[in-house]
Amino acid sequence: MTILDTIVQGVLLGGLYALFAAGLSLVFGIMRLVNLAHGDLIVLAAFLILVLVNGLGLNPFLAVLIVMPLMFIAGYALQAVLLNRTLGKDVLPPLLVTFGLSIVLQNALLEGFSADSRRISAGALETASINLGAVTIGLMPLMAFLSAVAVIVGLNLLIYRTALGRAFRATSDDPVTAGLMGIRPRQVFAVATGLAMAVVAIAALYLGTRANFDPTAGPARLIYAFEAVIIGGLGSLWGTLAGGVILGVAQTLGAAVNPEWQILSGHLAFLAVLLIRPRGLFPRAVD
Amino acid sequence: MTALLETKGLKAFYGDFQALFGVDITVAEGETIAIIGANGAGKTTLMRALSGVLTNAPDSVFCRGEAVGALAAPDILARGIAMVSEGRRLFPSLTVEENLMIGAYGKRRGAWTLATVYDLFPILKERRANPATALSGGQQQMVAIGRALMANPDVLLCDEISLGLAPVVVRDIYAAFPRIRESGAAIVIVEQDIGQALKVANRVYCMMEGRITLSGRPEALSRAAIHAAYFGAQSHDHS
Amino acid sequence: MTIAIPSLKVETRTRASSVSRLIALAVLALGLAAPFLVSRGAVQDLFFILTMLVLAQSWNLLAGYAGLISVGQQVFVGFGAYAMFGAVILFGIDPIPAILIAGVLSALLAIPTAFFTFRLYGPYFAIGTWVVAEVVRLLLAQWKTLGGGTGTSLPREAVRDMAGVGLLRDLFGMKPAQASDAITYWLALILAAATIGFIYRLLRSKQGLGLAAVRDNEQAARAVGVDARRMKAMVYLATAFMTGLAGALIYVQKARISPDAAFSVTDWTAYVIFIVVIGGIGTIEGPILGVILFFLLQNLLADYGSWYLLMLGLAGILTMLFAPRGLWGAFSDRTGIQLFPVRRTLVGGPSVHQGGSSHG
Ligand SMILES: Nc1ncnc2c1ncn2[C@@H]1O[C@H](COP(=O)(O)OP(=O)(O)O)[C@@H](O)[C@H]1O
Ligand SMILES: [Mg+2]
């Protein structure tokens, strides 16, 4: 494997990490909430897709179209019923409640699906690749990356071009005044979490087709997502993509040296960025 | 006839601290009311109770006879009451135009649209793509008023719109009021600037320490009476 | 908001606290005698309870009092354990001094980790601590002398010949295994008592007052001259020390280590968080109550595997939502009883209610 190939694989992997991270970034941007169960929700969505694919024999891409609205509803309900109650000046309640949720989800999945590793089968697509001489690009990783770009373009259009997006930004600035505009902050938060979960469903598809996953795979996804967000700088989705790419490249380069170093070198890249640019590489100007 | 907006014995608390001690005001269709009072008199608290920011006086605030004291701000807005908050409170992440557009989020249709607001404050059209907080204080106040108008309110509450602005700028802003009134909205302005308030209002309430100390038509109120109601009892000597 | 410092000095010692002082001494005395009174299994159970109590008290100090919500405290358990293993295996040091060395090294480790994690704002601090724990785990998994990813065991003779074992054998005729259990148990008892004593004194001191001020309102605290950052850093270091000691002690008793077990989020952080939250965060009594409940539940429900953790998670969520100060907090609010009276804030200070408004 050439170094160029290694880097390209890392960039594509970064797309997957950006998909993990986009929802986290969106929710944090709007309500300053960090959902420690984010990774477990990705895994939950992966299991839902798995059930549809294995149980009903659906094509995974069709399955994700069904799981997206389900996850939207789950996210909306989660925010409306549980998380809205925890919002306030104190950061302790939302963190502890989502941490509890993470444990609950992991163990519920363990009960439901056992600790076995699973994989979503994407049929022939799994092995399909484009050969560009020095570099071979797998079709699924490429689609993951393109999906990440599409998700970010879509979310940015939503945030900067629609009434809902204005409501997101206004509520993030000042929820009380947003209320005076007729915006219901709690409802806006619920929609935002719903959207984040719809994105999570897309992330879950590529998580599940790329490699094995099991009920305890969530926390590591949360950490990758978090690292992508921080490397990129808070408040910018393109920054998050860049953060995901840096993380992905660091991991594949590390793995090329020694397979045991893959995860570690990603973490070290994150710490290095934290050291040199504590606000991330592309922080939003106003914050 | 039921009043458009009314409070009866309105009390308000911040924790254990009581800010309003039984306030009665009424606002009729199309009227312009001024509420004057020194700093800390409770004017902003009254505005918060009227606009749904404070929601703990269920039996003391009425809109067209309906008790609305427990309703949240969006529900109050839906009943046609919009507020220009003290300190303007524009959204810094939004441009001027987006700030105006978000005023229409509640979807009440009427005479006020982006076009008519720009007509009222032409400078805003020039600056519409700027971040709202990049504007001068006076222009920001215009955005805040325009934003509230975008909801096509029946009652426009304005909390200290002249605060911190140069007199010429204040004059420019108040120059818009006749047109706002023409659109049919009742206006409640909160002012510390007594002269300005008496000039535009049909009726004046004066507040002190959480109570209404004086009310009436501006031309019927003597300066001494206003002075006493505004600053407290010792000014009896002057009359 | 002002902080009415003068009025906060009153009423730190209550009648209940004098009683609880006596009770504490009695419990301590009884505790010291336990290895002679109860079975070896019971001593091991008590050891488990006490070490979890140390972890819980440390996390409570960190999150409940200093507002530093860490989900990465397993880094100090694991690192402390590995440091002890290293000292014993590589340098032939006796396990008991090795525990102390491990505590000191854990506190030293806290300096670079604080350097990174303190750069992260509020909620992100939590995940930052987790990343740091992962990094340390992955690094130690590379250390082949200590078994790499699969781990290693303490040499049999290291524990058997541990300081004091011989003495106990000569004095009371204890078998080596029994004696080493007794010794680790006594150390756990001392560590738990010292941890509670330290936290109690800290919270009643001027620094503790500063800590409460920082938690209630960081801006106001800064305005009256409390250096919030320094306070927090100090607490972070202190908890690293305590957690590292506990980690080392736990692994002297376990005598077998692997990176995954020593850095387990579930064992060293999730359980600890649930103990504190359910017992009552921000109180010294809470973790004590919590750890007892936790032990009972674990014995009752251990056979249910993941159902047990699932229920623990649910209980934690429900507590956080409906009784945010935990069982002890609810009890204490109702009865006014405090065994460790450190809550003297708010007396005479202005009360700030959420009037549904952050508008002003
Ligand atoms: N959020 C708040 N918390 C506590 N007290 C407040 C708050 N807002 C206002 N007050 C108090 O209520 C009283 C009335 O304030 P306000 O209504 O803002 O007066 P005005 O607008 O007339 O200057 C003042 O004494 C003020 O200090
Ligand atoms: Mg005011």
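Scroll up to find the structure.
Keep in mind it's a predicted model, so treat the numbers as computed, not measured. Residues take numbers from 1 onward in each chain, read along the sequence in its written order. Starting at A for chains and at 1 for ligands, labels are handed out in the order in which the entities are written. Restriction of local features to residues with pLDDT of at least 70 applies here, the model being predicted, together with a cutoff of 80 or more for giving and counting side-chain atom pairs; totals for whole chains, interfaces and linings are based on all residues. To obtain the side-chain values, all non-hydrogen atoms of the structure were used and water was disregarded.

**Quick notes on the overall build of chain C**
Put simply, DSSP marks the helices as runs of H or I at least four residues long and the strands as runs of E at least two long, and each gets a number from the N terminus on. Helix and strand counts for chain C come out as 16 helices and two strands. In this description the radius of gyration comes from C-alpha coordinates, and the expected globular size is given by 2.2 Å times residues to the power 0.38. For 360 residues, the compact-globule estimate of 2.2 N^0.38 gives 21 Å, and the C-alpha radius of gyration of chain C, at 21 Å, lies within 12% of that figure. Projected onto the principal axes, the alpha-carbon positions of chain C cover approximately 65 × 45 × 40 Å. The cut-offs for exposure are 20% and 50% of the maximum accessible area for each residue type, with area from a 1.4 Å probe on protein chains only; residues under the lower value are buried, those over the upper are exposed, and the others partly exposed. Counting only residues that meet the buried cut, chain C has 54% of its 360 residues in that class. The criterion used for residue contact is that any of the two residues' heavy atoms lie within 4.5 Å. Considering only residue pairs separated by 6 or more positions, chain C has 79% of its internal contacts joining residues 24 or more positions apart.

**What about the layout of surface pockets?**
Residue and element names in this part refer to chain C. Approximately 1,200 Å³ is the volume found for the second largest pocket. Around the second largest pocket sit 33 residues that line it, and Ala24, Val27, Ile196, Ile288 and Phe340 are the ones nearest its centre. By the convention adopted, Pro, Cys, Tyr, Trp, Phe, Met, Ile, Leu, Val and Ala count as nonpolar, Lys, Arg, Asp and Glu as charged, and the other residues, Gly among them, as polar. Of the residues in the lining of the second largest pocket, the class split is 26 nonpolar, four polar and three charged. Residues are said to line a cavity or pocket when one of their atoms sits within 4 Å of a point; the points come from a 1 Å grid over protein atoms alone, cavities being sets where a 1.4 Å probe fits but cannot get out and pockets being open sets with protein on both sides within 12 Å along at least five of seven lines. Grid points are joined across faces, edges and corners, and a volume is the space filled by probe spheres set on the points.

**Notes on the packing of aromatic side chains**
Only Phe, Tyr and Trp rings are paired, with Trp represented by its six-membered ring, and only when their centres lie within 6.5 Å; those with planes under 30 degrees apart are stacked, over 60 edge-to-face, the remainder tilted. In this structure the tally under the stated criterion is 25 aromatic pairs over all chains. Ring plane angle 80° and centroid distance 5.9 Å describe the contact between phenylalanine 115 of chain C and phenylalanine 116 of chain C, whose orientation is recorded as edge-to-face. Relative accessible area serves as the criterion here: at 17%, phenylalanine 116 of chain C is assigned to the buried category. Grouped by ring-pair contacts, the aromatic residues Phe28, Phe226 and Phe270 of chain A together with Tyr124 of chain C constitute a single cluster. Distance and angle both matter: a charge sits over a ring if NZ of Lys or CZ of Arg is within 6 Å of the ring centre and within 35 degrees of the ring normal. A cation over an aromatic ring shows up here: arginine 211 of chain B above the ring of phenylalanine 21 of chain B, its NZ or CZ 4.3 Å from the ring centre.

**With respect to the pairing of strand S1 (residues 129-132) of chain A**
Residues in a regular strand project their side chains so that they alternate between the two faces of the sheet. All names here are of chain A. Should DSSP find at least two bridges between two strands, the strands are taken to pair. In this structure, S1 lies alongside strand S2 (residues 135-138), joined through four bridges in antiparallel fashion. For leucine 132, the partnering residue across the bridge sits in S2 and is valine 135. Connecting S1 to the antiparallel partner S2 that follows it, the hairpin turn spans two residues, and glycine 133 within it adopts a positive phi of roughly 75°.

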